[in-house]
Amino acid sequence: MIVKRRTPQSASGEPIVWVFGLALVASLAAIVVLIGMIVVRASESFWVRPIEQLTLADGSQRLGSVVRREVGEGGVSRTLYQVGNRDLGQGSFTWIADREVEGVSRPAQAVMLERSAWGVWFGLPTRIVRLTEGGAEPLGEGDTFWAEFERQHAEAIERERAIEALDEGELADVNREREAWRLRIADVRRRASESGGPAPLPVWAWGVAVLAACGAGAGAVAVRRVGGARAWRLALAVLAFLAVGFVAIEAPWVRRAPSAAEVAAVQAEAEKALATLDAEAASVEARIKAIEAEDAKYRVEVVDPLTGRFAPESLSSPDVPMRVSQVVRVVRANELSFGEKLRVLGARWWEFLSPEPREANSEGGVFPVIFGTVALTILLSLAVVPLGVVAALYLREYAKQGLMTSVLRVAVNNLAGVPSVVYGVFGLGFFCYAVGGYVDTGPAEPLPRLPWWGLVAAMAVIMAAALTLGAGVVRGPGRRGWGAGLCWSAAVVLLIVVVMKTPYFDGFFATRAAEGSPTFGARGILWASLTLALLTLPVVIVATEEAIAAVPRSMREGSYGCGATKWQTVRRVVIPGALPGIMTGAILAMARGAGEVAPLMLVGAAKHASELPVSTDPPYLHLDRTFMHLGYHIFDLGYMSQDLEATRPLVWTTTLLLIAIVLILNSIAIAVRGRLRGRLVSAAV
Amino acid sequence: MTISTPQRGYRVVDAIRAGEAVAPEVHKAARTDDPVLEVHGFSLWYGKSRALHAVDMAVHRGKVTAIVGPSGCGKSTLLRSVNRLNDLVDGVRTDGDILLNGSPVYGSGVDVITLRKRLGMVFQKPNPFPMSIRDNVVYPLVIDGERRRKVLNEAAERALTAAALWDEVKDRLRESALGLSGGQQQRLCIARAVVADPEVLLLDEPCSALDPVATLRIEELIHQIASRYTVLIVTHNMQQATRVSDFTAFMYLGRLVEYGPTAAVFQSPHLPETEDYVTGRFG
């Protein structure tokens, strides 16, 4: 008789379950700590800290606010103070050993001045003055200081805005027009000096070509009417098509270079326009000067207790107090209530989110950075999703499953493992220099006229052959033969060569490129998004393939049973059924693309881009421009900054922003997917 | 396949098992001068294995014809050969021909897409498409190029009414068809199959994935539809065959064994093997 054993403890799996649970807890903890640390650090960065006045052992006085304390070498406890006042030749952060401090107070009138340049200034405000011919007329002092300051600061901000509006509005328009005229002159000169491609045909040769085109066309029509063989009709049609193309491109009035008289006319017109524009610019500049002169009259004195000096207008004029308009914000840290501190926090966050960065990114806002990140992510999705979906559709639905498709799948999966910086190098070499250079200046070594037209003719013949070979099998179940496939491949290769080597294209921006400032032949947001699209392509292809494979066979059969063709089935049943899965792929691609930094450094991210890739000037979408990116910005703040202590808080806030933006973009995509799912699938199934 | 102990000798089935060609037992009443479908010596191979052996059969116009037989006897294959859905399987080869209202189904000049548009098909599992109820029903018209909203809406109402589904879904035509219950989905598929007025309606075990109540409704529906369409139904449910069909064909191992009016096949079959099969003693 067999005695059954008791079930051992290990068989129940109880210990293993604990290990699993621990692993889950560890993963969750890692995420919570990561997010929590970033949120805490970011939220304390902009919090108002009290200003302390220190009396040191040597009797000197310092103003500053505590950043952090630590026990340094030899057990000496010391404190890092933000003391600002860089104009006085000191570092804006300084360690002070606690034993050197004799007394600490928090003077009510101490302020932290956030300035538009040279960082913060700690001091005691004394008075506001208005400079006149003779000297300085005090406007506010003591009790009246703050009321006067609020008034004057509001006015100063108005003046700043007015100057900015003139500068970025009228002056910028004028400058753009000037640049356009200058380019027009340069362009017409360039075209007059170099012929741009092969020399124009002699008129008699062109006339012969016109006659040949007419002959071929008439021949094609005649053969069609007579009802000749299909091959003949096709051949004559191709010939007529080519001849018409040749005649149109080689027409004498198209190929003619501008004459000296025309160049002179353009130049005269341009000079006239430029003169008007210069006058306009001068008048705008005069208006700006007037506002600036008014602005320069209002000064505020904030005195540093250590040296007794007030905050200067600039390093070169240390004896002139700063202009009121140079004040971004005055924080009366020791007098603020909790609510007011919250308001300052809000104002600082708003300033961080909205405007442009200042002072080598260490101050000001990050709006262009956010904008660049979002624009890049959207562009990359627009590029990668259609490409990936179409590729996956072919791979799964149309390609004959076999060795070829397996090899392709492995290759695609391997692409996902290539280090991202490799894509950056490729993007720089291929997109920026090769493709961009072509767009700017046309082919570097174009073919002469005759061999090029020979290639075009060969391409046309092969395409016609492919059409003929493939025509019989469109509707039936049979497979396209090898012949048609080979012909199409050859035609595509020829098409690429024809486009790459054309003698008739000398670029869209040749004039600027000749001046040494390439438009598309350099780093820019278009090439960056295409590079990231390549990088994320495997993600989309794999996700789409899986989604397509998950569409049940019964659905396809149902569609075929209704008399649908393969394409109709794919378009109306397979793609809608796979859409949620495709969206998942797109979300993963976006998340990966938005967080990439390494390739962006090579193909387009900039430390500072003065103009956004989208603007109100035509053509509105400036895909050639460089852009700022949050990931690169973090790197720049954390490692490339002049003053690491000053930018450290910004690293945290920028990181929080990056996470938030990726989260928001993903949430939008997930919401869209949810809607699609709701439409397509339901709990009842 | 499990075969219970045979209680008597089977002339036809034993011959089939031995691989010999046997003429099927076709009742006189099952012959017709005006067939919708004529199967002429039709054979089909999946790769090397032969699924149909020279089947000959004529389907009566305006009647319901059931095909019964044990699993793997080729009844579904025969049904799917009519609209050439088997073309989608790799390595399929055929011999012989099927005539749909006189025009050949197989042959080099046949346009498969046009052929399938002349037929309607309902599958074992309900297979609504991932789109709205209305779009599901009018799908065959839309892929045929019909774009007029009015025509489509009228066709949808007509087909849904014919499929006894209109009253249940008329207020939610824009909603996803995947939200319907299994029985409703199958009736939707029937509506989709009849919307383009098919010459023959092919039903491939349409109730096998449904509960008894839904099955009953579908059977009633087949009764109603049968007055307007020719129906060819594959089933492995004997009761269903007796309830819905006018003629019954019994198939075994890829061959037609007996074919006749349903009443005759079930009550006085010519062959003992047929009698044993329909009474559940064989197969």
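Residues numbered from 1 in each chain as written. Chains lettered and ligands numbered in written order. Predicted model: local features only at pLDDT ≥ 70, side-chain atom pairs only at ≥ 80, totals over all residues. Heavy atoms only, no water.

Engineer: It is not clear to me how the sheet that holds strand S11 (residues 255-261) of chain B should be interpreted in this structure. Could you clarify?
Structural biologist: The strands making up a sheet associate through hydrogen bonds between their backbones, and the pairing can be parallel or antiparallel. Residue and element names in this part refer to chain B. Pairing within the open sheet is mixed, and its 7 strands lie in the order S1-S11-S10-S4-S9-S8-S7. Two strands in the sheet have a free side with no partner beyond their single neighbour: strand S1 (25-26) and strand S7 (119-122). Relative to the sheet, helix H8 (residues 182-194) contacts S7 and strand S8 (200-204), its axis offset from that of S7 by approximately 170°. (Pairing = 2+ DSSP bridges. Helix = DSSP H or I, 4+ residues; strand = E, 2+ residues; numbered from the N terminus. Contact = heavy atoms within 4.5 Å. Axes fitted to C-alpha atoms, helices over the stretch in contact; angles between N-to-C directions.)

Engineer: Help me out: how do you make sense of a negative patch on the surface in this one?
Structural biologist: Residues and elements named next belong to chain A. A cluster of acidic side chains, namely Glu160, Glu164, Asp167, Glu168, Glu285, Glu292 and Glu356, defines a negative patch on the protein surface. Of all the elements in the fold, those that place two or more residues in the negative patch are helix H2 (145-193) and helix H6 (260-295). Of all the elements, H2 adds the most residues to the negative patch, at 4 residues. Taking the relative accessible area as the measure of exposure, Asp167 reaches 40% and is therefore partly exposed. (Patch = residues over 30% accessible without salt bridge, like charges linked within 9 Å, V, L, I, M, F, W, Y side chains within 5 Å. Areas by Shrake-Rupley, 256 points an atom, 1.4 Å probe, with all protein chains shown as cover. Salt bridge = Lys/Arg side-chain N within 4 Å of Asp/Glu carboxyl O. Lys, Arg positive; Asp, Glu negative; His and termini not counted. Charge placed at Lys NZ, Arg CZ, Asp CG, Glu CD. Buried < 20%, exposed > 50% of the residue type's maximum accessible area, 1.4 Å probe, protein only.)

Engineer: Explanation requested: the sheet that holds strand S3 (residues 49-60) of chain B in the structure shown.
Structural biologist: All names here are of chain B. The sheet built from 4 strands is open, its strands ordered S3-S2-S5-S6 with antiparallel pairing. For this open sheet the edge positions go to S3 and strand S6 (103-104), each flanked by a neighbour on one side alone. Looking at chain direction, strand S5 (residues 92-100) and S6 are connected through 2 bridges and run antiparallel. Its bridge partner being in S6, Leu100 is matched across the sheet by Ser103.

Engineer: I keep staring at a nonpolar patch on the surface and nothing clicks. Help me out?
Structural biologist: Taken together, the side chains of A:Ile31, A:Leu34, A:Ile35 and A:Val39 define a hydrophobic patch exposed on the protein surface, amounting to about 340 Å² of accessible area. Along the chain, the position of A:Val39 falls in helix H1 (residues 14-45).

Engineer: Please clarify how the pairing of strand S9 (residues 230-234) of chain B should be interpreted in this entry.
Structural biologist: For a regular strand, side chains alternate in direction, first toward one face of the sheet and then toward the other. All names here are of chain B. Burial within S9 is extensive, with 5 of its 5 residues counted as buried. Direction of pairing for strand S4 (residues 64-68) relative to S9: parallel, over a ladder of 4 bridges. Within S9, the position partnered with Ala66 by the bridge is Ile233. Pairing analysis gives 5 bridges linking S8 to S9, with the strands arranged parallel. Within S9, the residue paired with Asp204 across the bridge is Val234. Crossover S8 to S9 through helix H9 (residues 212-226) is right-handed. (Right-handed = clockwise from strand over helix to strand, strands pointing away.)

Engineer: Can you help me understand the nonpolar core in this one?
Structural biologist: Where a protein is soluble and globular, its nonpolar side chains tend to be buried together. B:Val137, B:Leu160, B:Leu188 and B:Ile233 are the most contacted members of the largest nonpolar core, which totals 57 residues. Apart from residues no more than four positions distant in its own chain, B:Leu160 is found in contact with B:Val137, B:Leu165, B:Trp166, B:Val169, B:Leu173, B:Leu188 and B:Ala191. Core analysis: the second largest hydrophobic core is formed by 46 residues, A:Phe520, A:Ala528, A:Ala589 and A:Leu623 among them. (Core = buried A, V, L, I, M, F, W, Y, C linked by side-chain atoms within 4.5 Å.)

Engineer: Looking at this model, I keep getting lost on the pattern of salt bridges. Mind explaining?
Structural biologist: Pairing is possible between side chains of opposite charge, provided their charged atoms come close. Residues and elements named next belong to chain A. Using the criterion set out here, one finds 51 salt bridges over all chains in the structure. The residue Arg323 makes a salt bridge to Asp295 at a minimum N-O spacing of 3.4 Å. One end of the pair, Arg323, is in the loop between strand S11 (317-321) and strand S12 (327-331); the other, Asp295, is in helix H6, and 28 residues separate them in sequence. Each of the salt bridges in this network shares a partner with another, and the network as a whole consists of Arg159, Asp295, Arg299, Glu313 and Arg323.

Engineer: What should I look at first to understand the packing of helix H14 (residues 525-549) of chain A against helix H16 (residues 566-595) of chain A in this one?
Structural biologist: For any two helices packed against each other, one specifies the crossing angle of their axes together with the interaxial distance. Residues and elements named next belong to chain A. Where H14 meets H16, the axes come as close as 8 Å, and the angle between the chain directions of the two elements is 150°. Between H14 and H16, the interaxial angle falls into the category roughly antiparallel. Handedness of the crossing formed by H14 with H16: right-handed. Together, Leu532, Leu535, Thr536, Val539, Val540, Ala543, Thr544, Ala547 and Ile548 of H14 and Val574, Ala578, Gly581, Ile582, Gly585, Leu588, Ala589, Arg592 and Gly593 of H16 make up the contact between the two elements. Partitioning the contact of H14 with H16 into residue classes produces 12 nonpolar, 5 polar and 1 charged. (Parallel < 35°, antiparallel > 145°, perpendicular 65-115°, else oblique. Left-handed = near helix turned anticlockwise from the far one by under 90°. Nonpolar A, V, L, I, M, F, W, Y, C, P; charged D, E, K, R; others polar.)

Engineer: Please clarify how the interface of chain B and chain A should be interpreted in this entry.
Structural biologist: A common way to state how big an interface is: give the accessible area lost once the parts meet. Each partner contributes residues to the interface: chain B has 31 residues there, and chain A has 27 residues. Taken over both partners, the interface formed by chain B and chain A buries close to 2,400 Å², and the fraction arising from carbon and sulfur atoms is 60%. Among the residues chain B hides against chain A, the three largest losses belong to B:Ile113, B:Pro130 and B:Ile143. Together they make up 24% of the total. Scanning the region where chain B abuts chain A turns up 1 salt bridge. (Buried area = accessible area lost by both parts, 1.4 Å probe.)

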